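# Inside the fold
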Amino acid sequence: MKKITIIFSLLISTICFSQEYNLEDAQKTTTDFLQALKILDLPEGKEMLSQVVFKPSKSFPVISSSNIIFEKLFDTDIDGIKGYKGLLEIKSLSKANTPLTSRYLIISYLDEKENNWKVFEFRETIDIENEIFYAKQALTNETDSRKPQYRYRNLGYWQILNGELLASAHSYLTAYKEAKSNDDEDFTISTYLILDKIIDIKKLTAE
């Protein structure tokens with residue numbers, strides 16, 4: 001674990017990836033994703049969804065329409081790696097079948113192993129930087145009842161949303177270390193596997 005941490009620190013400013021990042025490619029994934037959400041109650045919708053998201057088992061809303069308000073590619077904390085962010089207004093139905101209009105945030109990354117864009121998160125809009133701030137505060141908050149591994153895992157999730165991929169890897173590795181020291185054999189981080197598809201953690205720790 002110590003060797004991994006040292007290698008990560010050394011590579012923060014030197015890692016370089018060779019993928020081509022085109023906004024048009026990311027936009028196509030968003031279009032396919034939104035189309036899948038319109039027919040998510042059908043097998044065809046679920047099949048479409050499985051091809052454009054990192055985690056097909058995640059719960060997504062069925063929508064009737066959508067409007068993209070803002071979108072861009074953004075830099076991450078690893079040279080050469082970019083992410084895609086979009087702000088959308090979507091219309092859906094509540095459990096009582098009444099129309100709902102909500103603003104959603106979509107974050108996508110290029111799957112290095114498959115060389116195509118996939119949606120990492122689709123959720124109602126939220127101030128990510130504030131969530132990171134509070135997650136960092138929680139690490140040393142003695143009134144927080146959660147074990148350290150769960151606090152670090154939470155921080156790692158928000159860091160991915162904010163493009164802090166290397167920082168997230170650090171948080172997840174620390175979470176695993178804390179879980180091991182607490183004999184928490186049931187502790188898992190499903191998003192760690194997703195992060196590995198984005199930055200190939202094995203490549204970072206090969207030397």
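The coordinates are above.
Overview of the structure. Please read all numbers here as calculations on a predicted model, not as lab measurements.

### As for the pattern of salt bridges
Scanning the model with the defined rule gives seven salt bridges in all. The closest approach of N and O atoms between Lys113 and Asp196, which form a salt bridge, is 3.5 Å. On the criterion of sequence distance, the pair formed by Lys113 in the loop between strand 3 (99–111) and strand 4 (116–124) and Asp196 in helix 7 (residues 190–199) is long-range, its members being 83 residues apart. Relative accessible area serves as the criterion here: at 16%, Asp196 is assigned to the buried category. Glu114 is the partner of Lys118 in a salt bridge, and the nearest nitrogen-oxygen pair spans 3.0 Å. Owing to a relative accessible area of 5%, Lys118 belongs among the buried residues under this scheme. Residues participating in the shared-partner salt-bridge network are Asp111, Glu114 and Lys118.

### Looking at the pairing of strand 3
Inspection of the sheet shows strand 2 (residues 82–93) paired to strand 3 by 11 bridges, in the antiparallel sense. Residue pairing for strand 3: Gly86 is matched across the bridge by Ile106. Taken together, strand 2 and the strand that follows it, strand 3, pair antiparallel across an intervening segment of five residues, in which Asn97 is found at a positive phi of about 65°. Both strand 3 and strand 4 contribute to a ladder of eight bridges, which runs antiparallel. For Leu110, the partnering residue across the bridge sits in strand 4 and is Trp117. Between the end of strand 3 and the start of strand 4, which pair antiparallel, lie four residues, with Asn115 showing a positive phi angle near 60°.

### Describing the packing of helix 4 (residues 128–138) against helix 5 (residues 148–161)
Where helix 4 meets helix 5, the closest approach of the two axes is 9 Å, and the angle between their N-to-C directions is 160°. For the element pair helix 4 / helix 5, the angle class is roughly antiparallel. Here the hand of the crossing between helix 4 and helix 5 comes out left-handed. For the pair formed by helix 4 and helix 5, the contact residues are Ile128, Glu131, Ile132, Ala135, Lys136 and Ala138 on the first element and Arg151, Asn154, Leu155, Trp158, Gln159 and Leu161 on the second. Split by residue class, the contact of helix 4 with helix 5 holds seven nonpolar, two polar and three charged.

Criteria and thresholds
Residues numbered from 1 in each chain as written. Predicted model: local features only at pLDDT ≥ 70, side-chain atom pairs only at ≥ 80, totals over all residues. Heavy atoms only, no water. Salt bridge = Lys/Arg side-chain N within 4 Å of Asp/Glu carboxyl O. Helix = DSSP H or I, 4+ residues; strand = E, 2+ residues; numbered from the N terminus. Buried < 20%, exposed > 50% of the residue type's maximum accessible area, 1.4 Å probe, protein only. Pairing = 2+ DSSP bridges. Axes fitted to C-alpha atoms, helices over the stretch in contact; angles between N-to-C directions. Parallel < 35°, antiparallel > 145°, perpendicular 65-115°, else oblique. Left-handed = near helix turned anticlockwise from the far one by under 90°. Contact = heavy atoms within 4.5 Å. Nonpolar A, V, L, I, M, F, W, Y, C, P; charged D, E, K, R; others polar.

Nothing here speaks to function; it is geometry throughout.
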